[in-house]
Structure formats: structure tokens, C-alpha cells
Amino acid sequence: YKFKVDDVVGIHVSTLDPEASLPFNLFKGAEESGIRAEQLDYIIDKGGNIDFPVLGSMKIEGFSPEETKVLLKEKLADYLKNPIINIRLKNFTVTILGQVNRPGTYPVNGEQITIFEAIGLAGDLTIKGMRENIKVIRDFNGVKVYNTIDLRSKRALDSPVYYLTQNDVIYVEPNKSAVTASSLDSRA
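The residue numbering used here restarts from 1 in each chain and proceeds along that chain's sequence as written. Local features in this predicted model are restricted to residues whose pLDDT is 70 or higher, and side-chain atom pairs enter the listing and the counts only when it is 80 or higher, whereas totals over whole chains, interfaces and linings include all residues. Hydrogens are left out, water is left out, and the side-chain values use all remaining heavy atoms of the structure.

Caption draft 1: Region of the structure containing the overall build of the protein. On a plain count of helices and strands, the protein comes out with four helices and 14 strands. Burial classes: relative accessible area under 20% of the type maximum marks a residue as buried, over 50% as exposed, and values in between as partly exposed (1.4 Å probe, protein chains only). Per-residue burial for the protein yields a buried fraction of 37% across its 188 residues. Restricting the contact set of the protein to residue pairs at least 6 apart, pairs at least 24 apart contribute 57%. Runs of H or I in DSSP of at least four residues are treated as helices and runs of E of at least two as strands, each being numbered from the N terminus. Contacts were defined at the residue level, with two residues in contact if any of their heavy atoms lie within 4.5 Å.

Caption draft 2: Focus on the pairing of strand S8 (residues 93-98). Strands qualify as paired when DSSP identifies two bridges or more between them. Note: S8 against strand S9 (residues 104-107), four bridges, orientation antiparallel. Bridging across to S9, Thr95 finds its partner in Thr105. Counting the residues in the hairpin turn of S8 and S9 gives five residues. The pairing of S8 with strand S14 (residues 169-174) spans four bridges and is parallel. Within the sheet, the bridge partner assigned to Leu97 lies in S14 and is Tyr171.

Caption draft 3: Local environment of the sheet that holds strand S4 (residues 42-43). The strand order across the open sheet formed by three strands is S4-S1-S7, and the pairing between neighbours is antiparallel. Both outer strands of the open sheet, S4 and strand S7 (84-89), are each paired with one neighbouring strand and no more. Between the N-to-C directions of two axes lies an angle of 0 to 180 degrees, each axis being a line fitted to C-alpha atoms and, for a helix, fitted only over the stretch in contact. Strands in contact with helix H2 (residues 65-76) are strand S1 (8-14) and S7; relative to S7, the strand with the most contacts, it is inclined by about 145°.

Caption draft 4: A look at the nonpolar core. Counting residues in hydrophobic clusters, the biggest one holds 40 residues, and the most contacted among them are Ile11, Phe52, Ile115 and Ile170. Counting only elements with at least two residues in this core, the list comes to S1, strand S5 (49-52), H2, S7, S8, helix H3 (115-121), strand S11 (129-140) and S14. Excluding anything up to four places from it in sequence, Ile170 contacts Thr95, Ile96, Leu97, Ile115, Ala118, Ile134, Lys135, Val136 and Leu164. In plain words, nonpolar cores are sets of buried Ala, Val, Leu, Ile, Met, Phe, Trp, Tyr and Cys residues tied together by side-chain atoms within 4.5 Å.

Caption draft 5: Inspection of H2 at higher detail. The end-to-end C-alpha distance of H2, which contains twelve residues, comes to 16 Å, matching closely the 16 Å that a straight helix rising 1.5 Å per residue would cover. Restricting attention to buried positions, one finds in H2 the residues Pro65, Thr68, Leu71, Leu72 and Leu76. Here the buried residues of H2 occupy an arc of 125° about the axis, which is enough to place them on one side. Opposite the buried face of H2, at more than 90 degrees from it, the exposed residues are Glu66 and Glu74. The span you would expect from a helix comes to 1.5 Å times its residue count less one. Throughout, the arc means the angular range of directions from the helix axis out to the C-beta atoms.

Caption draft 6: How the structure looks around the sheet that holds S8. Overall, mixed pairing links the five strands, which are arranged S9-S8-S14-S11-S12 in an open sheet. Looking along the sheet, the strands with just one partner apiece sit at the ends: S9 and strand S12 (143-149). The mean inter-strand angle of the sheet, taken between neighbouring strand axes irrespective of direction, is 20°.

Caption draft 7: Broad picture of the pattern of salt bridges. Each reported salt bridge corresponds to a side-chain nitrogen of Lys or Arg within 4 Å of a carboxyl oxygen of Asp or Glu. All told, the structure shown has nine salt bridges when counted by the stated rule. Across the salt bridge formed by Lys90 and Asp41, the nearest N and O atoms sit 3.3 Å from each other. With Lys90 in the loop between S7 and S8 and Asp41 in the loop between strand S3 (38-39) and S4, this residue pair connects regions lying 49 residues apart in the sequence. With a shortest N-O distance of 2.7 Å, Arg138 and Asp168 are connected by a salt bridge. Within this pair, whereas Arg138 is found in strand S11, its partner Asp168 is found in the loop between strand S13 (163-164) and S14, the two being separated by 30 residues in sequence.

Caption draft 8: Seen up close, the side chain of Asn49. Looking at the secondary structure, you find Asn49 in strand S5. In this structure Asn49 comes out as buried when scored by relative accessible area, which is 19%. Polar side-chain contacts of Asn49 include one of 3.2 Å to the backbone nitrogen of Lys59. Once residues lying within four places of it in the same chain are set aside, the contact partners of Asn49 are Ile43, Ile44, Ser57, Met58 and Lys59. Counted as a polar contact is a pair of N or O atoms within 3.5 Å, where, for protein atoms, one must be capable of donating a hydrogen and the other of accepting one, and residues adjacent in sequence contribute only when both atoms are in side chains.

Caption draft 9: Expanded view of the environment of Arg88. Take Arg88: it is sitting in strand S7. On the basis of relative accessible area, Arg88 is assigned to the partly exposed category, the value being 42%. Spatially, the C-alpha atom of Arg88 lies 8.6 Å from that of Val8, the residues being 80 residues apart in sequence. Arg88 has contacts with Val8, Val9, Gly10, Asn109 and Gly110, leaving out every residue within four places of it along the chain.

As C-alpha cells, then:
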């Protein structure tokens, strides 16, 4: 996964000395009266940047979480010894539509999800779902790219859409029996 504009990214910097890493983390509120401060997330702006404390504006669009960790470690080397950096995409969602039991938009915990796992989130395909012609709609810099995957084939595991990315839309077409039933219903 590579970060895109409008992604919400959680970044936490820690070291053996918590006081030393404190200026490199954004918090809302203060740890007073036993109330724990909430860590804030970063939104990648239209220029592909985040505004990181102390370091300033940093371009992370097009970087993977691992590449972003390397970049941050390099920039923090002057300030911190052996920092531990945790990075997480906070708004990773996929949308599953069509002939599934629970169509909708689902949040993804973690950094990747397969098409089978996503369909599982939606309660699997209905009996009227076409398993050999699943559409995956993916956005590449504002351009919609359409892919088809056959879930019955072993080659599905090698498909470029086997692993889904942020904001992918999966559409399960109705099979012939569903289309026929629908056309009969409209004549009644």
C-alpha cells in the first residue's frame, strides 16, 4: 500500500525516554486529573504532505508505511536515539455491493485485506451472486480502473485485485436466474 491524498495516518514516535519523544507526537488535551490525552492523526493534504511536529512539512504521498518509517527515522536521527515509529492507515475501507448478504462499506483493521476476506465481511455472496465475474473498481490518481476476478479459479490468487487497497469497490453481479426473476417481476 502507498499513501494517497486524503488518507488519515496515525504516527506514534517512542523511545526509551518518553520525555524525549513527546515533542514528536500530537495530542489533544492534556494528561491532567487522570484524563488520558488523545493522540491526533495526520491527514495527507492535496500536495501529498503532512505537517509533522518539529520537522515541519513532509511529503509521504506515494510512500508505503515502511518507507515512511525509514524517512522519519532519518529525519529524527538528529533529535532521538533509536526511535520506534508506529504508522497506521486509519481510514482503510472497502465497499462491497451487489449480490452479497450485507452490502456496505467496511473498515479494515490492518494493512491489507484479500478479496475473500472482504466478501466474508459482507456475509458472503448470495446464491444469486455471479462468482466468476466479480468487478473491482480501484481509483488511481482520480482515474477509475475496472478489474474482473473469477473466484472459482486458482488464478484469482495471482490477480492484481486479490489484495484490496484503500477505497476499493467490489461489485457482485447477479447471475442469470436473478436477472430472469427480476425481469419477470417487472412484467407483473
